[in-house]
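Each chain, letter by letter, is given below.
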Amino acid sequence: MSNIDAIGRNILRELSRDGRISNLELAERVGLSPSACLRRVQELERSGVIKGYRARIDPAKVGYSFMAYVTVGLSTHTKQAQEDFEAAMAEAPEVRECHNITGAIEYILRVEAADLAAYKHFHTEVLGILPQVNAITTYVLMGSPKDERA
């Protein structure tokens, strides 16, 4: 389903805002009958355009008041180094996102920790001991005036 029309884009926009919206309300907002809307959503799901639905959780309310973006440069640029690093990040509960990017560094992470001490432990005892890691730069979040992650 690579050709998404205006109605499909509207459905995606509304579901991005509220994944728990009822089919009846969604149909009304996008101008379709409930049955046609349901068919469209199911097709978006079947085709993989909609990969799933999630709860948006307030990190501070579950004990993660420290958030940072961390850039990581690798010491070697091999497939094995990348696979090993990615496997380590998959096992680290503090890492909420791990992205392989272009530029001067190889990865950017979104990290959530209870506090600065917990982050320091992650920085030193998780990232700092990985043989693939050459450089770490931390950018502490001070606020997020816009955040559209699902």
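Located above this text is the structure these notes cover.
This report concerns the structure included in the present document. (Residues numbered from 1 in each chain as written. Predicted model: local features only at pLDDT ≥ 70, side-chain atom pairs only at ≥ 80, totals over all residues. Heavy atoms only, no water.)

Another aspect to go through is helix H1 (residues 6–17). The first and last C-alpha atoms of H1 sit 17 Å apart over 12 residues, in line with the 16 Å expected at 1.5 Å per residue. Here H1 has its buried residues at Gly 8, Ile 11, Glu 14 and Leu 15. The buried side chains of H1 occupy one side of the element, clustering within an arc of 130° when seen end-on. Turned more than 90 degrees away from the buried face of H1 sit Ser 16 and Arg 17, all of them exposed. Buried residues along H1 sit in contact with helix H2 (23–30) and helix H3 (34–46). N-cap assignment for H1: the residue whose side-chain oxygen lies 3.3 Å from the backbone N of Ile 7 is Asp 5. (Helix = DSSP H or I, 4+ residues; strand = E, 2+ residues; numbered from the N terminus. Expected span 1.5 Å × (residues − 1). Buried < 20%, exposed > 50% of the residue type's maximum accessible area, 1.4 Å probe, protein only. Arc of directions from axis to C-beta. Contact = heavy atoms within 4.5 Å. Polar contact = N/O pair within 3.5 Å; in protein donor to acceptor, adjacent residues only side chain to side chain.)

Right, let's talk about the packing of H1 against H3 for a bit. Where H1 meets H3, the closest approach of the two axes is 11 Å, and the angle between their N-to-C directions is 80°. The orientation of H1 relative to H3 falls into the category roughly perpendicular. Side by side, H1 and H3 meet where Ile 7, Gly 8, Ile 11, Leu 12 and Leu 15 of the first sit next to Arg 40, Val 41 and Leu 44 of the second. Of the residues that constitute the contact of H1 with H3, the class distribution is six nonpolar, one polar and one charged. (Axes fitted to C-alpha atoms, helices over the stretch in contact; angles between N-to-C directions. Parallel < 35°, antiparallel > 145°, perpendicular 65-115°, else oblique. Nonpolar A, V, L, I, M, F, W, Y, C, P; charged D, E, K, R; others polar.)

Our next topic: the packing of H2 against H3. Where H2 contacts H3, the axes come no closer than 9 Å and their chain directions differ by 95°. Here H2 is positioned roughly perpendicular relative to H3, judged by the angle of their axes. Here Asn 23, Leu 24, Leu 26, Ala 27 and Val 30 of H2 lie close against H3, whose contacting residues are Pro 34, Cys 37, Leu 38 and Val 41. Taken together, the residues that form the contact of H2 with H3 break down as eight nonpolar, one polar and no charged.

So, on to the pattern of salt bridges. Across all of its chains, the model carries 10 salt bridges by this definition. Where Lys 79 meets Glu 83, a salt bridge forms, and the shortest distance between an N and an O atom there is 3.9 Å. Placement of both Lys 79 and Glu 83 in helix H4 (residues 79–91) is noted, with a separation of four residues, approximately one turn of the helix. Its relative accessible area of 63% is what places Lys 79 among the exposed residues. For Glu 83, a relative accessible area of 37% corresponds to the partly exposed category. Among the ionic pairs, Arg 110 bridges to Glu 97, the shortest N-O distance being 2.7 Å. Here the residue Arg 110 occupies a position in strand E3 (residues 107–113), and Glu 97 occupies one in strand E2 (residues 95–100), the gap between them amounting to 13 residues. Residues Arg 110 and Glu 97 agree in their burial class; the two are buried. (Salt bridge = Lys/Arg side-chain N within 4 Å of Asp/Glu carboxyl O.)

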